[in-house]
2 protein chains.
Amino acid sequence: MARAWSLKSRPQGMPTMDNFELVDLGRRELADGEVRIANSWLSVDPYMRGRMNDVKSYTPPFELGKPMQGGAIGRVVESRSDRYREGDMVQHFAGWRDEAVLPADQVQPLPQLDVDPQAFLGQLGMPGMTAYFGLTEVAGLKEGDTVFVSAAAGAVGSTVVQIAKAKGCHVIGSAGGADKCAWVQSLGADAVIDYKSGTPVVKALGEVARNGIDVYFDNVGGEHLDAALAHANVHARFAICGMIDVYNSAEPTSLRYLARLIGNRVRMQGFIVSDYVGKAADFYRDMGGWLGEGKLQRQETVFDGLERAPDAFLALFSGGNTGKMLVRV
Amino acid sequence: MARAWSLKSRPQGMPTMDNFELVDLGRRELADGEVRIANSWLSVDPYMRGRMNDVKSYTPPFELGKPMQGGAIGRVVESRSDRYREGDMVQHFAGWRDEAVLPADQVQPLPQLDVDPQAFLGQLGMPGMTAYFGLTEVAGLKEGDTVFVSAAAGAVGSTVVQIAKAKGCHVIGSAGGADKCAWVQSLGADAVIDYKSGTPVVKALGEVARNGIDVYFDNVGGEHLDAALAHANVHARFAICGMIDVYNSAEPTSLRYLARLIGNRVRMQGFIVSDYVGKAADFYRDMGGWLGEGKLQRQETVFDGLERAPDAFLALFSGGNTGKMLVRV
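These numbers come from a predicted model, not from an experiment.

Rules behind the numbers
Residues numbered from 1 in each chain as written. Chains lettered and ligands numbered in written order. Predicted model: local features only at pLDDT ≥ 70, side-chain atom pairs only at ≥ 80, totals over all residues. Heavy atoms only, no water. Domains from an automatic or database assignment. Buried area = accessible area lost by both parts, 1.4 Å probe. Salt bridge = Lys/Arg side-chain N within 4 Å of Asp/Glu carboxyl O. Polar contact = N/O pair within 3.5 Å; in protein donor to acceptor, adjacent residues only side chain to side chain. Nonpolar A, V, L, I, M, F, W, Y, C, P; charged D, E, K, R; others polar. Helix = DSSP H or I, 4+ residues; strand = E, 2+ residues; numbered from the N terminus. Contact = heavy atoms within 4.5 Å. Least-squares fit on C-alpha atoms with pLDDT ≥ 70 in both. Expected span 1.5 Å × (residues − 1). Buried < 20%, exposed > 50% of the residue type's maximum accessible area, 1.4 Å probe, protein only. Pairing = 2+ DSSP bridges. Axes fitted to C-alpha atoms, helices over the stretch in contact; angles between N-to-C directions. Parallel < 35°, antiparallel > 145°, perpendicular 65-115°, else oblique. Left-handed = near helix turned anticlockwise from the far one by under 90°. Core = buried A, V, L, I, M, F, W, Y, C linked by side-chain atoms within 4.5 Å. Phe/Tyr/Trp six-rings, centres within 6.5 Å; stacked < 30°, edge-to-face > 60°.

**As for the domain arrangement of chain A**
Residue and element names in this part refer to chain A.
(1) Moving on: Assigned domains within chain A: domain 1 (2–121 + 299–328) and domain 2 (126–274).
(2) Moving on: Measuring from the centre of the C-alpha atoms in domain 1 to the corresponding centre in domain 2 gives 28 Å.
(3) Moving on: In this assembly, domain 1 packs against domain 2 so that about 1200 Å² is buried in total across both faces, 63% of it on carbon and sulfur atoms.
(4) Moving on: Of all residues in domain 1, Tyr58, Gln299 and Thr322 give up the largest surface area on contact with domain 2, accounting jointly for 27% of the area buried on that side.
(5) Moving on: In this structure, the connection of domain 1 to domain 2 is made through zero salt bridges.
(6) Moving on: At the boundary of domain 1 and domain 2, one finds four residue pairs in polar contact (both at pLDDT 80 or more).
(7) Moving on: Looking at the side of domain 1 that touches domain 2 residue by residue, the class counts come to nine nonpolar, eight polar and three charged.

Structural data, given as structure tokens:
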């Protein structure tokens, strides 16, 4: 019997368990061209919070009372498509469930890289592409840039640190707590700010970014974005990837240094990774190379059992993950 | 006896008359290569507020106890340069005074366009170039774009309206009060918002921008910027020119819709006009053409007498000008 998490009600502010319901999907026979996949790994990501609102956005909102979607990795257990055989490991977007029935054209084989399959939900998947294209295409990263990245111990941020180092940049990361900061440092960051230390981010950043910053990779918004504005160099480029600080908040963002945009000709560019999937070959080529050279490290925070998927999701908003947050089914 | 306004003390928040002092410059004989100019028109501009702070920026701060600078138009009354003769009308940057003594290389002849000389301090000068390059170079204006511009009755904003209309765009302006709104409408704007009407800007903009906005030209910041974010289309481009709402404020900018940057891939680009003076020939060519076709209208708000220069400057921050604010000496 397949089961899935459906959205029972739309959260106001921070979601709670009451917003989610685990439902039986029953068992459906495959139609021609379909495959049945036993999911092994499910992704939970901060952007999913936006899909829980009934607001027009780049992805449609989750429908109330319907299974939610998200990245997943699994094994084909039954196939009526000539493209997949039983036992094939695949990725797809029918997450938040233990078993998925999909037309073969909504399923992709795993890329040919020598990593654990769940890495394709993190550093070698959508979060990794977000880091890669955010730096290369959105921020126009150049060797020698000073790069500041918030949520630097997260799935995206930790990859930003490593790609920026691999490309010859000076990297400053921000993370919450001593353990995460130590990990970010171990990834090669030249300086790390602990935003939970009590020192305002704008002050902490000023102490380590003596020559200002050229690139800001924003996963957080709020105080981190304001600090980046305060220390932005002329022609700084901000890749605005996420604002986890405000996803659950009805409070507006308060920016003291916004007018610095003008004098320093700062460019702030919002982006979503799906606009760049046409260039995925560049990503796999470069990441494969860095993997081979031992330049990429990753961590995972794993919640075991489909039952715990909402817990894993909610923990994203309290800093509960180091590296990629995953659910192992 | 030449006189000039000097900065007596640095303002905290809104400047007052106490921050300014009218001082005698004495009379200095010309050195070789210098000219003496009797100023006819002085420019006061919002950006000057930034120069009154002791903060590193794209222009150095005004020095305490020294005459201030700014755009000016005048007549050469004495020349020891072979580049200018007595009677020549010129422009230069030694404003805030009735008479300027300058090396000839810090003086420019007026461009060959058939307009009143003071127009070269407004629509045919720096504010006009700001409108032109902000739209063309910064926002990448395309025919058919819906353009929203704040402070649309100001020197920059009123020119933005007219250039955008000349380039085949749908234009929405915001201005304060019925008279200014009527003028902006008369310039060709397709819709005008009165931000003093009591309706929140985000609501008023939503009512007239049914299909969203593609370009926002920001002169104001704050509530106007937030409204533009709320109604930005996918791939909207924001040219961030000024934020007069915050120049005198210690309060941070509060943005409720900032995260829309991400889903709609909005680009916010701060700019300053001096980066584009190398392309001034493009500006004069296009503006000259539109002038000849009768497509450019302008207004001026004139304060008479050098004594009133600070009053004119301060009135910029209370909406005291329609079109370019000028001081006639």
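After that view, the rundown keeps rolling.
**Thoughts on the environment of Leu306 of chain B**
Residues and elements named next belong to chain B.
(1) Moving on: Relative to the helices and strands, Leu306 is located in the loop between strand E15 (300–304) and helix H9 (309–315).
(2) Moving on: Sequence spacing of Leu306 and Ala4 is 302 residues, and the spatial spacing of their C-alpha atoms is 8.1 Å.
(3) Moving on: When near neighbours in sequence (up to four residues on either side) are disregarded, Leu306 contacts Arg3, Trp5, Leu22, Leu42, Trp96, Arg97, Asp98, Val327 and Arg328.

**Here we look at the relation of the copies chain B and chain A**
(1) Moving on: When chain B is fitted onto chain A, the two copies agree to an RMSD of 0.0 Å after a turn of 180° and an axial shift of 0.0 Å. Both chain copies can therefore be described as sitting about a two-fold axis.
(2) Moving on: In this assembly the copies share their binding face: 100% of the residues contributing to the interface of chain B also contribute to that of chain A.

**Brief notes about the side chain of Gln269 of chain B**
(1) Moving on: Inspection of the secondary structure assignment puts Gln269 of chain B in strand E14 (residues 267–270).
(2) Moving on: Side-chain polar atoms of Gln269 of chain B contact the backbone oxygen of Arg265 of chain A, separated by 3.1 Å.
(3) Moving on: Once residues within four sequence positions are removed from consideration, Gln269 of chain B is found in contact with Arg265, Val266 and Arg267 of chain A together with Val138, Phe238, Ala239 and Ile240 of chain B.

**Focus on helix H3 (residues 155–166) of chain B**
Residue and element names in this part refer to chain B.
(1) Moving on: With 12 residues, H3 extends 17 Å between its outermost C-alpha atoms, agreeing within 8% with the 16 Å of an ideal straight helix rising 1.5 Å per residue.
(2) Moving on: For H3, a buried count of 10 out of 12 residues is recorded, marking the element as mostly surrounded by other parts of the structure.
(3) Moving on: Following H3 by one or two positions, Gly168 has its phi on the positive side, about 80°.

**Some points on the pairing of strand E3 (residues 34–43) of chain B**
Residues and elements named next belong to chain B.
(1) Moving on: For E3, the tally of buried residues reaches eight of 10 residues, placing the bulk of the element in the interior.
(2) Moving on: Direction of pairing for E3 relative to strand E6 (residues 99–103): antiparallel, over a ladder of five bridges. Note that in E6 the partner of Ala38 across the bridge is Glu99.
(3) Moving on: Relative to strand E4 (residues 72–79), E3 is paired through seven bridges, and the arrangement is antiparallel. Of the residues in E4, the one forming a bridge with Arg36 is Glu78.
(4) Moving on: Relative to strand E16 (residues 324–328), E3 runs antiparallel, the two sharing three bridges. The residue bridging Ser43 from the neighbouring strand is Leu326, located in E16.

**Some details on the environment of Val161 of chain A**
Residue and element names in this part refer to chain A.
(1) Moving on: With respect to the helices, strands and loops of the structure, Val161 is situated in helix H3 (residues 155–166).
(2) Moving on: Sequence separation between Val161 and Leu22 is 139 residues; the distance between their C-alpha atoms is 37 Å.
(3) Moving on: Setting aside chain neighbours within four positions, we find Val161 in contact with Val149, Ala152, Val171, Val184, Leu187 and Ala189.

**Observations concerning the packing of helix H5 (residues 201–208) of chain A against helix H6 (residues 222–230) of chain A**
Residue and element names in this part refer to chain A.
(1) Moving on: The interhelical angle for the contact between H5 and H6, taken along N-to-C directions, is 40°, at an axis separation of 8 Å. Relative to H6, the element H5 lies oblique. Viewed along their axes, H5 and H6 form a crossing whose handedness is right-handed. Residues Val201, Val202 and Leu205 of H5 form the contact with H6, whose participating residues are Glu223, His224, Ala227, Ala228 and Ala230.
(2) Moving on: A per-class count over the contact of H5 with H6 returns six nonpolar, one polar and one charged.

**Here's the deal with unusual backbone geometry**
Residues and elements named next belong to chain B.
(1) Moving on: The phi angle at Ala151 is positive, at roughly 50°, despite the residue not being glycine.
(2) Moving on: Within the fold, Ala151 resides in the loop between strand E8 (146–149) and H3.
(3) Moving on: Of note in this structure, His235 is not a glycine but carries a positive phi near 65°.
(4) Moving on: Position of His235 among the secondary structure elements: in strand E12 (residues 232–240).

**Quick word on the side chain of Ser81 of chain A**
All names here are of chain A.
(1) Moving on: On the secondary structure map, Ser81 appears in the loop between strand E4 (72–79) and strand E5 (89–92).
(2) Moving on: Among the polar contacts listed, one links the side chain of Ser81 to the backbone nitrogen of Arg83, at a separation of 2.9 Å.
(3) Moving on: The contact partners of Ser81, leaving out residues within four places of it in the chain, are Gly33, Glu34, Val35 and Ala104.

**Focus: the pattern of salt bridges**
(1) Moving on: This structure, assessed with the given rule, holds 40 salt bridges over all chains.
(2) Moving on: It is possible to trace a salt-bridge network through shared partners that takes in Arg27, Arg36, Glu78 and Glu99 of chain A.

**Here we look at the sheet that holds E14 of chain B**
Sheet strands pair by backbone hydrogen bonding; their relative direction is either parallel or antiparallel.
(1) Moving on: Pairing is mixed across the open sheet formed by 12 strands, whose spatial order is E10(A)-E9(A)-E8(A)-E11(A)-E12(A)-E14(A)-E14(B)-E12(B)-E11(B)-E8(B)-E9(B)-E10(B). Edge positions in the sheet fall to strand E10 (191–194) of chain A together with strand E10 (191–194) of chain B, since each has one partner strand and no second. Averaged over all neighbouring strand pairs, the angle between strand axes comes to 15°, with direction disregarded.
(2) Moving on: In this sheet, strand E9 (residues 170–175) of chain B lies alongside E8 of chain B in parallel orientation, the contact comprising four bridges. Bridge assignment links Val149 of chain B to a residue of E9 of chain B, and that residue is Gly173 of chain B.

**As for the nonpolar core**
(1) Moving on: In this structure, Leu225 and Phe238 of chain A together with Leu225 and Phe238 of chain B are the most contacted members of the largest nonpolar core, which totals 54 residues.
(2) Moving on: Residues contacting Leu225 of chain B, with those up to four places away along its chain left out, are Leu258 of chain A together with Tyr216, Asp218, Phe238, Ile240, Met243, Leu255 and Met268 of chain B.

**Some details on the packing of aromatic side chains**
(1) Moving on: Within this structure, the stated rule accounts for 26 aromatic pairs over all chains.
(2) Moving on: Ring geometry for Tyr216 of chain A versus Phe238 of chain A: centroids 5.4 Å apart, planes at 75°, classification edge-to-face. In this pair, Tyr216 of chain A is assigned in strand E11 (residues 213–218) and Phe238 of chain A in strand E12 (residues 232–240), connecting sequence segments 22 residues apart.
(3) Moving on: Relative accessible area serves as the criterion here: at 0%, Tyr216 of chain A is assigned to the buried category.
(4) Moving on: Taking relative accessible area as the criterion, Phe238 of chain A reaches 1% and is therefore assigned buried.
(5) Moving on: Between Phe148 of chain B and Tyr216 of chain B, the aromatic rings sit 5.1 Å apart at their centres with planes inclined by 20°, giving stacked as the arrangement. With Phe148 of chain B in strand E8 and Tyr216 of chain B in strand E11 (residues 213–218), this residue pair connects regions lying 68 residues apart in the sequence. Across the pair, exposure class does not vary: Phe148 of chain B and Tyr216 of chain B are buried alike.
(6) Moving on: An aromatic cluster is present here, built from Tyr132, Phe133, Tyr276, Phe283, Tyr284 and Trp290 of chain A joined pairwise through their rings.

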